[in-house]
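Each chain is listed here by its residues.
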Amino acid sequence: MGKGHETWNKKEREQKKLKEKKQKEEKKKERQKNSLKGKNLDDMMAYIDENGNLSATPPDPKKKKEIKAEEIEIGVVKQQLANAAEIICKGRVNFFNMEKGYGFIKDHKTMQSIFVHINSCQDPIQEKSEVVFEVEFGPKGASAVNVRLADK
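Just so it is clear, the model here is predicted, and its values are computed rather than measured.

Colleague: Before we move on, could you go through the pattern of salt bridges and cite the residues and values that matter?
Modeller: In the structure shown here, the tally under the stated rule is one salt bridge. The shortest N-O distance in the salt bridge between Arg92 and Glu130 comes to 2.8 Å. With Arg92 in strand β3 (residues 88-97) and Glu130 in strand β6 (residues 130-138), this pair connects stretches of sequence that are 38 residues apart. For Arg92, a relative accessible area of 41% gives the class partly exposed.

Colleague: Hey, could you go over helix α1 (residues 8-33) for me, with residue numbers and the actual values?
Modeller: Taking 1.5 Å of rise per residue, the 26 residues of α1 would be expected to cover 38 Å, and the 38 Å separating its terminal C-alpha atoms lies within 8% of that figure. Sparse coverage of α1 is indicated by the burial of zero of its 26 residues.

Colleague: Tell me what's going on with the environment of Glu130, and back it up with residues and numbers.
Modeller: Linking Glu130 and Ile105, residues 25 residues apart in sequence, is a C-alpha distance of 9.1 Å. Within the local environment of Glu130, its side chain forms a polar contact with the side chain of His108, the two groups lying 2.9 Å apart.

Colleague: So what about the sheet that holds β6? Which residues, and what values?
Modeller: One closed barrel holds the five strands; their spatial order is β3-β4-β5-β7-β6, and the pairing between them is mixed. On average, each strand axis in the sheet is tilted by 50 degrees relative to the strand beside it, whichever way the strands run. Sheet analysis places β3 next to β6, joined by five bridges and oriented antiparallel. Within β6, the position partnered with Ile88 by the bridge is Glu134.

So, how was this worked out
- Residues numbered from 1 in each chain as written.
- Predicted model: local features only at pLDDT ≥ 70, side-chain atom pairs only at ≥ 80, totals over all residues.
- Heavy atoms only, no water.
- Salt bridge = Lys/Arg side-chain N within 4 Å of Asp/Glu carboxyl O.
- Helix = DSSP H or I, 4+ residues; strand = E, 2+ residues; numbered from the N terminus.
- Buried < 20%, exposed > 50% of the residue type's maximum accessible area, 1.4 Å probe, protein only.
- Expected span 1.5 Å × (residues − 1).
- Polar contact = N/O pair within 3.5 Å; in protein donor to acceptor, adjacent residues only side chain to side chain.
- Pairing = 2+ DSSP bridges.
- Axes fitted to C-alpha atoms, helices over the stretch in contact; angles between N-to-C directions.

This is a description of form; function is not addressed.
In structure tokens:
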């Protein structure tokens, strides 16, 4: 029987495999060397400074600010209560779809379009009607409530 022929391509692949295996072993040894095992808690701690950046040193207790839990607001900012004269607005209905039951009122003061639903109307309204209403802020924005026809 003849001796097995080792081609250049076969030798090249074997060398490449050996090289990859050595690199893998080196990476494994490097990871083991740099592992967190054996380190104490202080070495693993990270702190946040007054600017919100990560730091290895603990913050200065003299720079500590006291924050009251009542002052923290999550979500929508609480609206200040206004007097009755400021709450009542006047405007004109510039769009109203009777079939779908909603429309928009253009406020005379702010010139904003405010959403209105038929359930919020005390009187039957239609387009170009002059109305008096109150503005209520909901999760989707301002909407008109207690809508009634304006006295002329």
